[in-house]
Amino acid sequence: MINTAIIPVAGLGTRMLPATKAIPKEMLPIIDKPLIQYIVEECALAGITNIVLITHSSKNSIEDHFDVSFELESTLEKRVKRQLLAEVQSIVPENLSIMHIRQGKPLGLGHAILIGRKIVGNNPFAVVLPDVLINRFDCDLSSSNLFDMIHRYETTGHSQVMVEEIDLQLSESYGIVDLDSSKLAVGESEAITRIVEKPQPSKAPSNLAVVGRYVFSRSIWDMLEDTPLGLGDEIQLTDAIDKLLKHEMVEAYKIIGKSHDCGTKESYFLTNIEYILRSQRFGEEFSVKAEKLINEFST
Ligand code: G1P
């Protein structure tokens, strides 16, 4: 049974500076909630009950966000702000525990995940990267890609890596997988034959990029222990996956819907706009105002 997800949040967010000088990038808002809250909600929907945050001394506000704020709650209660109080009290989904452990050295994603071994033990687990939002806007909220990946792992025993088709020119920003067949159907999984971290477009084995969701068998731990420094002098999770697939089957799961990258300024702006436009609360009014603004610029 997979009930634990590791979320690495130790990165310094240099791509989002100066906004992230004193605020963790995971605390930047999409509409009115920090990114990390969407990620935690996605995990809860997928049946995760334990979250392990791999963190850094500059990220205390993430811990604070998921802690009870007695002062705030009693103020909202006194002012009879019931709706806000309910929103604040539901930040941590029911039955979910959040644990924190620090990554002392900036040695990359693979190293960050390996630190989680102390808490997860020799068990299978999920990894969820916090700068990618996955939302099936068109679907019932009770189903999710991560839920499907966990289900697939539990029925087959094969580790799962979420992939999405990208424009090949962007291959240097992603792990890229190689498969036996040329066409992987949406919502389906297939064996990965090779995986490469951030190849040049001319060297990319396909246009299927890893988009921040993984479900691993416990064998990944030994692969990570054994992975030397790779690209950028960091221990790359991708390199450990490439080792794993030589021992046992690792499958690429093709995302239903699309991912929303929040790791660069431009993609973060676009994600925010899309989420606002799709929001029941703000969408209609915002789209009228935004359209007016766009017309002002185009005339
Ligand atoms: C990480 C992984 C990469 C993956 C990407 C997006 O890169 O190393 O394989 O494709 O996340 O999920 P980063 O964006 O941290 O540089």
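Residues numbered from 1 in each chain as written. Predicted model: local features only at pLDDT ≥ 70, side-chain atom pairs only at ≥ 80, totals over all residues. Heavy atoms only, no water.

Chemist: Is there a simple way to explain the nonpolar core in this structure?
Modeler: Considering soluble globular proteins, one finds that nonpolar side chains tend to be buried as a cluster. Within the largest apolar cluster, 44 residues are counted, with the highest numbers of intra-cluster contacts made by Ile 7 and Ile 36. Secondary structure elements with two or more residues in this core: β1 (4-8), α1 (35-45), β4 (50-55), β6 (125-128), β7 (132-135), α7 (145-156), β11 (208-216) and α10 (265-278). Broken down by element, this core gets its largest block of residues, 6 residues, from α1. Listed in part, the 34 residues of the second largest apolar core include Ile 54, Leu 179, Phe 216 and Ile 220. (Core = buried A, V, L, I, M, F, W, Y, C linked by side-chain atoms within 4.5 Å. Buried < 20%, exposed > 50% of the residue type's maximum accessible area, 1.4 Å probe, protein only. Helix = DSSP H or I, 4+ residues; strand = E, 2+ residues; numbered from the N terminus.)

Chemist: Just to check I follow, could you spell out the pattern of salt bridges for this structure?
Modeler: Pairing of side chains with opposite charge becomes possible as their charged atoms draw close. For the structure shown, the criterion picks out 17 salt bridges. Across the salt bridge formed by Lys 258 and Glu 274, the nearest N and O atoms sit 3.0 Å from each other. Here Lys 258, found in strand β13 (residues 258-261), pairs with Glu 274, found in helix α10; they are 16 residues apart in sequence, far enough to count as distant. The class of Lys 258 is partly exposed, set by a relative accessible area of 38%. The class for Glu 274 is buried, based on a relative accessible area of 17%. (Salt bridge = Lys/Arg side-chain N within 4 Å of Asp/Glu carboxyl O.)

Chemist: Mind showing me how you'd approach the state of the cysteines here?
Modeler: Working definition of a disulfide: a covalent bond connecting the sulfur atoms of two cysteines. Throughout the structure, instances matching the rule amount to 0 disulfides. A disulfide-free cysteine, Cys 262 has its sulfur positioned 15 Å from the sulfur of Cys 43, the nearest such atom. Given the relative accessible area of 4%, Cys 262 is considered buried. (Disulfide = S-S within 2.5 Å.)

Chemist: For this particular structure, what's the right way to read the packing of aromatic side chains?
Modeler: Each aromatic ring pair is characterised by the separation of its centres together with the angle its planes make. One pass over the structure, following the stated rule, counts 5 aromatic pairs. Ring centres 5.6 Å apart and planes at 90° place the aromatic pair Tyr 38 and Tyr 275 in the edge-to-face group. Pair noted here: Tyr 38 is in helix α1 and Tyr 275 is in helix α10, with a separation of 237 residues, a long-range link. The burial state of Tyr 38 is the same as that of Tyr 275; both residues are buried. Between Phe 125 and Phe 216 the ring centres are 5.8 Å apart and the planes differ by 55°, which places this aromatic pair in the tilted class. Note that Phe 125 is positioned in strand β6 and Phe 216 in strand β11, a separation of 91 residues in sequence. On the accessibility criterion, Phe 216 (0% relative accessible area) is buried. The ring of Tyr 38 has Lys 33 sitting right over it, with the charged end atom 4.5 Å from the ring centre. (Phe/Tyr/Trp six-rings, centres within 6.5 Å; stacked < 30°, edge-to-face > 60°. Lys NZ or Arg CZ within 6 Å of the ring centre and 35° of its normal.)

Chemist: Any chance you could explain unusual backbone geometry here in plain terms?
Modeler: A negative phi holds for most residues other than glycine; trans holds for most peptide bonds. Of note, the bond from Leu 17 into Pro 18 is cis; its omega dihedral lies within 30 degrees of zero at 5°. Structurally, the position occupied by Pro 18 is in the loop between β1 and β2 (29-30). Of note, Ile 31 is a non-glycine position whose phi angle comes to about 55°, a positive value. Under the relative-accessibility criterion, Ile 31 is labelled partly exposed at 24%. Located in the positive-phi region is Lys 198, a residue other than glycine, with phi close to 45°. Along the chain, Lys 198 falls in the loop between β10 (189-197) and β11.

Chemist: Would you take a moment to explain the site of the ligand for this structure?
Modeler: All residues in the neighbourhood of the ligand are listed as Arg 15, Leu 109, Leu 129, Tyr 174, Gly 175, Glu 197, Lys 198, Val 210, Val 211, Gly 212 and Thr 238. Val 210 places a main-chain nitrogen or oxygen 2.7 Å from an oxygen atom of the ligand. Here the ligand, which alone exposes 380 Å², has 83% of that area covered by the protein. Ranked by the residues each element gives to the shell around the ligand, the list is headed by β11, at 3 residues. Of the residues contributing to the shell around the ligand, the split by class is 5 nonpolar, 3 polar and 3 charged. (Near = heavy atom within 4 Å. Polar contact = N/O pair within 3.5 Å; in protein donor to acceptor, adjacent residues only side chain to side chain. Areas by Shrake-Rupley, 256 points an atom, 1.4 Å probe, with all protein chains shown as cover. Nonpolar A, V, L, I, M, F, W, Y, C, P; charged D, E, K, R; others polar.)

Chemist: Help me out: how do you make sense of α1 in this one?
Modeler: Each α-helix turn comprises 3.6 residues. Residues three or four places apart therefore point the same way. Taken across its 11 residues, α1 has 8 buried, putting it largely inside the fold. Along α1, the positions that sit buried rather than exposed are Leu 35, Ile 36, Gln 37, Tyr 38, Ile 39, Val 40, Glu 42 and Cys 43. Residue Gly 47 follows α1 closely and has a positive phi angle near 95°.

Chemist: What is the right way to read the pairing of strand β8 (residues 159-165) from this model?
Modeler: Consecutive residues of a regular strand have side chains that alternate between opposite faces of the sheet. Burial of β8 is extensive: 6 of the 7 residues sit out of reach of the surface. Bridge count for β8 against strand β12 (residues 250-254) is 5 bridges, and the pairing is parallel. Each bridged residue has a counterpart across the sheet, and for Val 163 the counterpart in β12 is Lys 254. Of the strand pairs in this sheet, β8 and β11 are connected by 5 bridges, and their pairing is antiparallel. Residue pairing in the sheet places Gln 160 in a bridge with Val 215 of β11. (Pairing = 2+ DSSP bridges.)

That's the geometry; what it means functionally is another story.
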